[in-house]
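In case you want the letters, here they are:
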Amino acid sequence: MNFKNAIVRTPGKNFSQGLTSANLGEPDYQKTLEQHTAYCRALQQCGLNLTTLDPDLEYPDSTFVEDTAVLIPSAAILTRPGAASRIGEVAAIHLQLQRFYRQFYSITSPGSLEGGDICQAGSHFFIGLSDRTNEEGARQLAEFLAKEGYTSSTVDIRNIRDILHLKSGIAYLGDNTLVVIKSLNDHPAFKGYKTILMDPEENYAANCVMINGRVLLAKGYPKFKAKLEALGFTTIPLDVSEFQKMDGGLSCLSLRF
Ligand code: CIR
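Throughout, a residue's number is its position along its own chain's written sequence, starting from 1. Restriction of local features to residues with pLDDT of at least 70 applies here, the model being predicted, together with a cutoff of 80 or more for giving and counting side-chain atom pairs; totals for whole chains, interfaces and linings are based on all residues. Each side-chain value is worked out from all heavy atoms of the structure, with water and hydrogens disregarded.

1. Observations regarding unusual backbone geometry
Peptide bonds are, in most cases, trans, and in most cases residues other than glycine have a negative phi. Note the cut-off: Counting from the N terminus, the helices are the DSSP runs of H or I reaching at least four residues and the strands are the DSSP runs of E reaching at least two.
The omega angle of the peptide bond from Ser109 to Pro110 is 10 degrees, so this bond is cis rather than trans. Examined against the element boundaries, Pro110 turns out to sit in the loop between β5 (104–106) and β6 (118–121). Of note, Asn212 is a non-glycine position whose phi angle comes to about 45 degrees, a positive value. Mapping Asn212 onto the fold places it in the loop between β12 (209–211) and β13 (214–218).

2. Re the site of the ligand
Worth spelling out the cut-off: Proximity is defined per residue: any heavy atom of the residue falling within 4 Å of a molecule or strand makes that residue near it. In the analysis that follows, any N or O atom pair within 3.5 Å is treated as a polar contact, provided that within protein one partner can donate a hydrogen and the other can accept it, and provided that, for residues neighboring in sequence, both atoms belong to side chains. Here the accessible surface of atoms and residues is derived via Shrake-Rupley with a 1.4 Å probe, and residues count as covered only by protein chains that are part of the display. Here the term cavity refers to a set of points on a 1 Å grid, laid over the protein atoms alone, in which a 1.4 Å probe fits but cannot get out; the term pocket refers to an open set having protein on both sides within 12 Å along at least five of seven lines, with lining residues being those that place an atom within 4 Å of a point. Molecules are considered to sit inside a cavity or pocket once more than half of their atoms lie within 2 Å of its grid points. For this classification, Asp, Glu, Lys and Arg are treated as charged, while Ala, Val, Leu, Ile, Met, Phe, Trp, Tyr, Cys and Pro are nonpolar and the rest, including Gly, are polar.
Taken together, 14 residues form the shell around the ligand, and within it Leu19, Asp61, Arg86, Arg132 and Met246 come nearest. At 2.7 Å from a nitrogen atom of the ligand is found a main-chain nitrogen or oxygen belonging to Leu19. Here a nitrogen atom of the ligand sits 2.8 Å away from a polar atom, N or O, in the side chain of Asp61. When the ligand sits alone it has 350 Å² of accessible area, and the protein chains cover 98% of it. A majority-of-atoms criterion places the ligand in the largest pocket. A per-class count over the shell around the ligand returns 5 nonpolar, 3 polar and 6 charged.

3. A closer look at empty space enclosed by the protein
Over the atoms a probe the size of a water molecule is rolled, and this reveals where empty space is left. The criterion, for reference: Grid points are joined across faces, edges and corners, and a volume is the space filled by probe spheres set on the points.
For the structure on display, the rule yields 1 cavity of 30 Å³ or more. What the largest cavity holds in volume is close to 30 Å³. If you go around the largest cavity, the residues you meet are Thr10, Pro11, Gly12, Asn14, Pro55, Asp56, Tyr59, Pro60, Ser62 and Thr63. Its residues placed into classes, the lining of the largest cavity shows 4 nonpolar, 5 polar and 1 charged.

4. Observations regarding the packing of aromatic side chains
Geometry of an aromatic ring pair is reported as the spacing of the ring centres plus the angle between the planes. Basically, it comes down to this: Whether two aromatic rings pair depends on their centres lying within 6.5 Å, for rings of Phe, Tyr and Trp, where Trp uses its six-membered ring; planes under 30 degrees apart make the pair stacked, over 60 edge-to-face, and the rest tilted. In this scheme, a residue with accessible area under 20% of its type's maximum is buried, one over 50% is exposed, and one in between is partly exposed, where area comes from a 1.4 Å probe on protein chains only.
On inspection of all chains with the given rule, the structure shows 12 aromatic pairs. A centroid spacing of 6.3 Å and a plane angle of 85 degrees characterise the contact between Phe64 and Phe243, whose relative ring orientation is edge-to-face. One end of the pair, Phe64, is in the loop between β2 (49–53) and β3 (69–72); the other, Phe243, is in helix α5 (residues 241–244), with 179 residues separating them in the sequence. In this structure, Phe64 and Phe243 share a single accessibility class: buried. Arranged with centres 6.4 Å apart and planes meeting at 90 degrees, the rings of Tyr172 and Tyr193 form a pair that is edge-to-face. Of this pair, Tyr172 sits in strand β9 (residues 170–172) while Tyr193 sits in the loop between β10 (177–180) and β11 (194–197); the two residues are 21 residues apart in sequence, bridging distant segments of the chain.

5. Some points on the side chain of Lys167
Rules: Any two residues whose heavy atoms approach within 4.5 Å are treated as being in contact.
With respect to the helices and strands, Lys167 occurs in the loop between β8 (151–156) and β9. For Lys167, a relative accessible area of 14% gives the class buried. Not counting residues within four places of it along the chain, the set of residues in contact with Lys167 comprises Glu66, Gly115, Gly116, Ile118, Cys119, Asn207, Ser251 and Arg256.

6. So, helix α3 (residues 135–147)
What counts is decided by this rule: In a helix, the anticipated span is given by 1.5 Å times the number of residues less one. In this context, the arc is that of the directions from the helix axis out to the C-beta atoms.
Relative to the 18 Å expected for 13 residues at 1.5 Å per residue, α3 spans 18 Å between its end C-alpha atoms, a close match to the ideal helical length. Of all the positions in α3, only Gly137, Ala138, Gln140, Leu141, Phe144 and Leu145 are classed as buried. For α3, the angular spread of buried residues about the axis comes to 165 degrees, placing them on one side. For α3, exposure combined with an orientation more than 90 degrees from the buried face picks out Ala146 and Lys147. The first or second residue beyond α3 is Gly149, which carries a positive phi of 95 degrees.

7. Quick look at the layout of surface pockets
In this structure, the largest pocket occupies an estimated 700 Å³ of space. Every residue lining the largest pocket is counted, 33 residues in all, and those nearest its centre are Asp162, Ile163, Leu164, Ser168 and Asp247. Residues of the lining of the largest pocket, tallied by class, amount to 11 nonpolar, 12 polar and 10 charged. Taken together, 27 residues line the second largest pocket, and the ones lying closest to its centre are Met1, Phe3, Gln120, Lys167 and Arg256. Counting residues per element, the ones that place at least two in the lining of the second largest pocket are β3, β6, β9, β12 and β15 (255–256). For the lining of the second largest pocket, the residue count by class is 15 nonpolar, 9 polar and 3 charged.

8. Some remarks on the pattern of salt bridges
Just so we agree on the cut-off: For this document, the term salt bridge refers to a Lys or Arg side-chain nitrogen within 4 Å of an Asp or Glu carboxyl oxygen.
Counted under the stated rule, the structure contains 15 salt bridges. A salt bridge links Asp199 to Lys227; the shortest N-O distance between them is 3.5 Å. Here Asp199, found in the loop between β11 and β12, pairs with Lys227, found in helix α4 (residues 222–230); they are 28 residues apart in sequence, far enough to count as distant. A salt bridge links Glu242 to Lys245, with the nearest nitrogen and oxygen atoms 3.0 Å apart. The residues Glu242 and Lys245 share a single accessibility class, namely buried. In the salt-bridge network here, residues are joined through shared partners; they are Lys31, Glu242 and Lys245.

As structure tokens, then:
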């Protein structure tokens, strides 16, 4: 799948006031900005046209734009984040997406859903059931996707430790290949896929993204990087330590379409 565009939002100076369960200390704002700039540069290096939104101080987590929408070529599905403090982030993204999309769907109450729980694998979608995405949100998304010609299945991660979203634990790299953490490896939904298994001490790096033939991955995870390169993938390692402190990963920093 090829992408042309990406939407990103520069982190605001109150970024450290967002939600987090990581015990990694407070992010350094200057470093956060530098890492975000390098991330944006990497997206451009992959051929994407960037729409860069200004910081939104009303929503400290709003740099994690991926959680606000699920995008397919024919439609944009606006989410309804399970984190109450993040529901208001969706309106601004809706406005931006109107420049690119005509067909919109919305997840509505009592459904909740965050983009980090949604992993596209070709014409199939894995929908994570998490503390942020509930059954009703998953049901609504599955219905919208079916209307647009996609299949889906749910993956319950509520009993999996240390992952916020489904895509904290899996990534799809194309060619029927999934990156998977050990605790999700035996899930029936992933039967029939080739899997790249994470070494548990490198689990954080499972949240990587394939963009136009290159894999963006977190810097500092040598085993995973070597594994990918041995399989013939071109990698772009990026330092995202400050985002990790706020439970964020590489994928959540952009909407790619
Ligand atoms: C949150 O807890 O909502 C943010 N601090 C982090 C969101 C990360 N999003 C993602 O992995 N898709």
